[in-house]
Structure formats: C-alpha cells, structure tokens
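Per-entry structural report
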Amino acid sequence: KAVEKALRKRGVEFLLNSSLLGYEKDENGQLHIELEVNGVRERRTTEKILVAVGREANISDLGLENTAIEIEDGKIVTNEFFQTKESHIYAIGDCKTGMELAHVAAIEGMTAVEHMANLASYPLDDRKIPMCIYSYPEVGSIGLTEEAAEKQGYELKVSRFPFLANGKALIKGEENGFIKLIVDAKTDDILGIHILGLQATDMISEGALAKTLDASSWELSKTIRPHPSLAE
C-alpha cells in the first residue's frame with residue numbers, strides 16, 4: 001500500500017482487477033490495448049508493454065525421466081541440503097522448488113557443495129532470508145509480517161519509525177518511508193523487519209544479521225550506529 005501510494009504521487013496509474021484481452025500495433029508503432037477493468041471493457045493506447053508473468057524451470061531435455069528425481073509443479077524436489085532422490089545429483093536455484101532469488105541460489109549452491117564434501121552444512125532457514133523489491137521507493141523485508149505472526153499465535157510488539165524523523169533521509173531529500181519492527185512480546189525475539197524507503201535493499205542486511213544471531217529488539221536497540229545515517 002505504501003509503495004502504491006508513493007507511485008500514485010509520481011503519476012503512476014493502477015488498474016487493479018484487470019485482464020489484458022489483446023493488443024495491436026498501428027503503422028505509427030503505437031500499441032492499442034484491449035482491457036477488461038472491473039468487468040468493463042476499455043481500449044487504451046501506449047508506446048510500450050511490459051509483461052511480467054513469472055518464470056518456469058528449464059528442466060526439459062535433461063533426461064530426468066530416466067532417474068528417480070521427483071518433479072512437483074514443474075520443478076525439481078530436493079531435501080534440505082538440495083539433494084534429489086538420486087543422492088549423487090543436487091539441484092539449486094530456480095529449477096527447484098523454493099524462493100526464486102539470486103542470493104538464495106548462491107547460498108543453496110554453497111550448502112550443496114559443503115554437503116557433497118561432507119563438511120559442516122546447515123539447512124537453509126527461510127525466516128532468515130531477506131527479500132527485496134527494487135522499486136522506487138525500495139522495499140527490504142525479512143521474517144514474518146505482522147499478519148503472519150498474528151496467525152501463528154504470537155503476542156506482538158510492533159513499532160514503526162518514519163524516515164521523516166531521520167536526519168540523513170532529510171539531507172537526501174528522501175523522507176518518504178519507514179521501518180517496521182515486529183517483536184515477540186513474551187521473549188523479545190525479532191520476528192520481522194520491514195523497510196520502505198531509501199537504501200532499504202541495503203539496510204535489510206542488518207536485519208538479516210540480527211535474525212542469524214537470534215538478536216532481541218533490546219540488542220538491536222543497543223547497537224551504536226553513526227549519526228547522521230539511515231541505519232540509525
């Protein structure tokens with residue numbers, strides 16, 4: 001909602017609950033789009049269309065049908081160390097089930113190689129994986145959302161801090177945004193950190209470190225950060 005609000009201020013129009021029925025290009029290169037918006041057909045003209053409909057795993061022509069490897073929804077199934085049903089074959093990245101993120105694929109690769117080499121290897125914990133949206137403003141997130149934490153039965157402490165009260169954000173002229181911290185009220189464990197605003201995709205790394213170290217909100221608050229900075 002916050003990103004949508006910021007984009008609307010910049011003149012971006014959102015047509016939600018809509019379907020693209022088709023389009024045609026005229027002799028001037030203009031694209032005429034047929035849409036259905038909330039059940040009503042519309043015709044619009046534009047210069048470019050960007051279609052983003054997700055991706056599918058490129059696992060054809062690998063001979064997987066000659067193995068015991070399991071496929072689920074078009075993707076390879078692995079165990080927590082990314083080992084398939086064929087113990088000598090591993091799969092990482094977007095060809096397997098799981099998060100489709102570059103930094104996830106990288107750690108999956110390291111985990112798989114460590115497991116192959118019989119080195120100390122630890123299963124990947126999804127709760128410790130940061131997720132980013134490289135929009136404007138940026139979004140960085142790790143752990144549970146407030147809604148998800150409530151559904152899991154946690155008693156919560158939720159706090160927000162606006163970029164409007166941050167000196168570095170004001171210096172940069174980027175005061176739109178906030179940081180939201182979700183904490184277990186009983187244990188003070190950090191359940192989730194969500195950042196919207198300038199350099200959110202960099203600052204969420206501090207949240208990833210906090211989650212890796214099982215930091216409490218007290219420990220996070222007692223960490224000394226430089227002033228002025230976005231991180232403080």
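That block above? That's the structure.
Residues numbered from 1 in each chain as written. Predicted model: local features only at pLDDT ≥ 70, side-chain atom pairs only at ≥ 80, totals over all residues. Heavy atoms only, no water.

Below, the discussion takes up the layout of surface pockets. Estimates place the volume of the largest pocket at around 480 Å³. Lining of the largest pocket is provided by 20 residues; of these, Ile 179, Leu 220, Arg 225, Ala 231 and Glu 232 occupy positions nearest its centre. The greatest single-element share of the lining of the largest pocket, amounting to 4 residues, is contributed by helix 5 (residues 200–212). Split by residue class, the lining of the largest pocket holds 11 nonpolar, 5 polar and 4 charged. (1 Å grid on protein atoms, 1.4 Å probe; cavity = no way out; pocket = protein on both sides within 12 Å on 5 of 7 lines; lining within 4 Å. Points joined across faces, edges and corners; volume = space filled by probe spheres on them. Helix = DSSP H or I, 4+ residues; strand = E, 2+ residues; numbered from the N terminus. Nonpolar A, V, L, I, M, F, W, Y, C, P; charged D, E, K, R; others polar.)

Moving on: unusual backbone geometry. In this chain, Tyr 136 is followed by Pro 137 through a cis amide linkage whose omega measures 10°. With respect to the secondary-structure elements, Pro 137 resides in the loop between strand 6 (131–133) and strand 7 (139–143). Even without being glycine, Asp 188 reaches a positive phi, approximately 70°.

Between its first and last C-alpha, helix 5 extends 18 Å over 13 residues, near the 18 Å set by a 1.5 Å rise per residue. Of all the residues in helix 5, the buried ones are Ala 200, Thr 201, Met 203, Ile 204, Gly 207, Ala 208, Ala 210 and Lys 211. Of the surrounding elements, those touching the buried residues of helix 5 are strand 6, strand 7, strand 9 (178–184), strand 10 (190–196) and helix 6 (217–222). Asp 214, located one to two residues past helix 5, shows a positive phi value of around 50°. (Expected span 1.5 Å × (residues − 1). Buried < 20%, exposed > 50% of the residue type's maximum accessible area, 1.4 Å probe, protein only. Contact = heavy atoms within 4.5 Å.)

Our next topic: the packing of aromatic side chains. Across all of its chains, the model carries 0 aromatic pairs by this definition. When the ring centre of Phe 178 is taken as origin, the NZ or CZ atom of Arg 160, which lies over that ring, is 4.0 Å away. (Phe/Tyr/Trp six-rings, centres within 6.5 Å; stacked < 30°, edge-to-face > 60°. Lys NZ or Arg CZ within 6 Å of the ring centre and 35° of its normal.)

This part covers the environment of Asp 188. Turning to its location among the elements, Asp 188 is positioned in the loop between strand 9 and strand 10. Judged by relative accessible area, which is 16%, Asp 188 ranks as buried. Sequence separation between Asp 188 and Pro 137 is 51 residues, and the spatial gap between their C-alpha atoms is 29 Å. In this structure Asp 188 touches Lys 157, Val 183, Ser 216, Ser 217 and Trp 218, once residues within four positions along its chain are discounted. Within polar-contact distance, the side chain of Asp 188 engages the side chain of Lys 157 at 3.2 Å. (Polar contact = N/O pair within 3.5 Å; in protein donor to acceptor, adjacent residues only side chain to side chain.)

Strand 2 (residues 31–37) sits mainly inside the fold: 5 of its 7 residues count as buried. Relative to strand 2, strand 1 (residues 18–25) runs antiparallel, the two sharing 7 bridges. The residue bridging Leu 20 from the neighbouring strand is Leu 35, located in strand 2. Here strand 1 folds back onto strand 2, and the loop between the two strands holds 5 residues, one of which, Gly 29, carries a positive phi near 85°. Summarising the sheet, strand 2 and strand 3 (residues 40–46) pair through 7 bridges and their orientation is antiparallel. Its bridge partner lying in strand 3, Leu 31 is registered against Thr 46. (Pairing = 2+ DSSP bridges.)

On to the side chain of Ser 229, then. In this structure, Ser 229 sits in the segment after helix 6. A distance of 3.2 Å separates a polar side-chain atom of Ser 229 from the backbone nitrogen of Glu 232.

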